[in-house]
Amino acid sequence: MKNIVVLISGNGSNLQAIIDACKQKKINATIRAIFSNKADVFGLERARDAGIPAHTLLASQFASREAFDRELMQEIDAYAPDVVVLAGYMRILSPEFVAHYDGRLLNIHPSLLPKYPGLNTHRQALENGDTEHGTSVHFVTDELDGGPVILQATVPVFEGDSEEDITARVQSQEHAIYPLVVSWFVEGRLAMRDNSAWLDGVKLPPQGHACDE
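The notes below deal with the structure included here.

Rules of the game
- Residues numbered from 1 in each chain as written.
- Predicted model: local features only at pLDDT ≥ 70, side-chain atom pairs only at ≥ 80, totals over all residues.
- Heavy atoms only, no water.
- Axes fitted to C-alpha atoms, helices over the stretch in contact; angles between N-to-C directions.
- Helix = DSSP H or I, 4+ residues; strand = E, 2+ residues; numbered from the N terminus.
- Parallel < 35°, antiparallel > 145°, perpendicular 65-115°, else oblique.
- Left-handed = near helix turned anticlockwise from the far one by under 90°.
- Contact = heavy atoms within 4.5 Å.
- Nonpolar A, V, L, I, M, F, W, Y, C, P; charged D, E, K, R; others polar.
- Buried < 20%, exposed > 50% of the residue type's maximum accessible area, 1.4 Å probe, protein only.
- Pairing = 2+ DSSP bridges.
- Salt bridge = Lys/Arg side-chain N within 4 Å of Asp/Glu carboxyl O.
- Phe/Tyr/Trp six-rings, centres within 6.5 Å; stacked < 30°, edge-to-face > 60°.

A short note on the packing of helix α1 (residues 13–23) against helix α6 (residues 163–186)
Relative orientation of the contacting elements α1 and α6 amounts to 50°, with a least axis distance of 9 Å. Here α1 is positioned oblique relative to α6, judged by the angle of their axes. You can see that α1 and α6 cross each other, and the crossing is right-handed. Residue-level inspection shows Ser13, Asn14, Ala17, Ile18 and Ala21 of α1 in contact with α6, the latter providing Gln171, Glu174, His175, Tyr178, Pro179 and Val182. Looking at side-chain class alone, the contact of α1 with α6 contains 6 nonpolar, 4 polar and 1 charged residues.

Next comes the structure, spelled out in structure tokens:
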């Protein structure tokens, strides 16, 4: 059974989707621990409700980003993770951290990368008059939201939509595609090689795997 460690910063809705998928045996792995860089977030309650060890590490306790990440790595490694999953984790990771988990660090980002890296993606989509938007699961590299894309889901943007409307639409897709990608990884179907994502031995295109749906 493979081991998963999840990093969060907030509500943890993608965390919940992964917890549920593990319970339903859609992901053949165990979530060994959850780490948050913020105290008192709902994601920590989700972890405790599921009986998963939940830890909080605050930046204010450390002199530098590197010191924070070194401690985080040490605590994560105690759980011997096969994959580290970022689920709404809002800290920029140090190069040392990214290198340590190279090829086994996944993230989900609420845009159709490479469009709109960083924050406020839904607002940017609205302000630019986009008619479609979406979400991307990707491997993490040193480039912010720039690692190889594994899978994307597209949602429509309708006239009169608010950020909340788009958030809800995107999150429903995230909760479907993120557990799927995690399952691919723990089954050994997914890997990162030569700064590209590979699924079932086939190199994926820049926009990731094309779903049949």
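This is not the end of the story, as more comes after the structure.
Here's the deal with the pairing of strand β9 (residues 196–199)
Residue alternation in β9 divides its side chains into two sets, Ser196 and Trp198 and Ala197 and Leu199, and both sets are buried. Relative to β9, strand β8 (residues 190–193) runs antiparallel, the two being bridged by 4 bridges. Within β9, the position partnered with Ala191 by the bridge is Trp198. Linkage of β8 to β9, two consecutive antiparallel strands, is achieved through a turn of 2 residues, within which Asp194 is found at a positive phi near 50°. Here β9 pairs with strand β10 (residues 202–203) via 2 bridges, running antiparallel.

A short note on the pattern of salt bridges
Under the counting rule described, the total for this entry stands at 5 salt bridges. Linking Glu96 and Arg70 is a salt bridge whose minimum nitrogen-to-oxygen distance equals 3.4 Å. Taken together, the residues span a long stretch of sequence, with Glu96 in helix α4 (residues 95–100) and Arg70 in helix α3 (residues 65–77) at a distance of 26 residues. With relative accessibility at 36%, the residue Glu96 sits in the partly exposed group. A salt bridge links Asp130 to Lys115; its shortest N-O distance comes to 3.4 Å. Linking Asp130 in the loop between α5 (121–127) and β6 (132–139) with Lys115 in the loop between β5 (105–109) and α5, this pair joins segments that are 15 residues apart in sequence.

A closer look at the sheet that holds β9
Strand pairing in a sheet takes place through backbone hydrogen bonds and is either antiparallel or parallel in direction. With respect to topology, 3 strands assemble into an open sheet ordered β8-β9-β10, the strand pairing being antiparallel. Both edges of this open sheet fall to β8 and β10, since each of them pairs with a single strand only.

A word on the packing of aromatic side chains
One pass over the structure, following the stated rule, counts 4 aromatic pairs. Relative to Tyr79, the ring of Phe35 has its centre 6.2 Å away and its plane inclined at 75°; by these criteria the two rings are edge-to-face. Taken together, the residues span a long stretch of sequence, with Phe35 in strand β2 (residues 29–36) and Tyr79 in the loop between α3 and β4 (83–86) at a distance of 44 residues. Taking relative accessible area as the criterion, Tyr79 reaches 15% and is therefore assigned buried.

Focus on the sheet that holds β6
Taken in spatial order, the 7 strands line up as β3-β2-β1-β4-β5-β6-β7 in an open sheet, and their pairing is mixed. Taken across any chain shown, the strands that pair with only one partner, and hence form the sheet edges, are β3 (54–56) and β7 (149–156). In this sheet, adjacent strand axes meet at a mean angle of 20° when their direction is disregarded. As paired elements, β6 and β7 share 7 bridges and run antiparallel to each other. Counterpart to Gly134 in the pairing with β7 is Thr154. Running over the sheet, α6 touches β1 (2–8), β2, β4, β5, β6 and β7 and is turned about 155° from β7.

Examining unusual backbone geometry
Note the cis peptide between Leu113 and Pro114, where omega equals 10°. Residues other than glycine seldom take positive phi values, yet Asp40 does so here, at roughly 60°. Looking at where Asp40 falls in the secondary structure, it is placed in the loop between β2 and α2 (42–49). Relative accessible area serves as the criterion here: at 77%, Asp40 is assigned to the exposed category. In this structure, Asp145 is a non-glycine residue whose phi angle is positive, near 55°.

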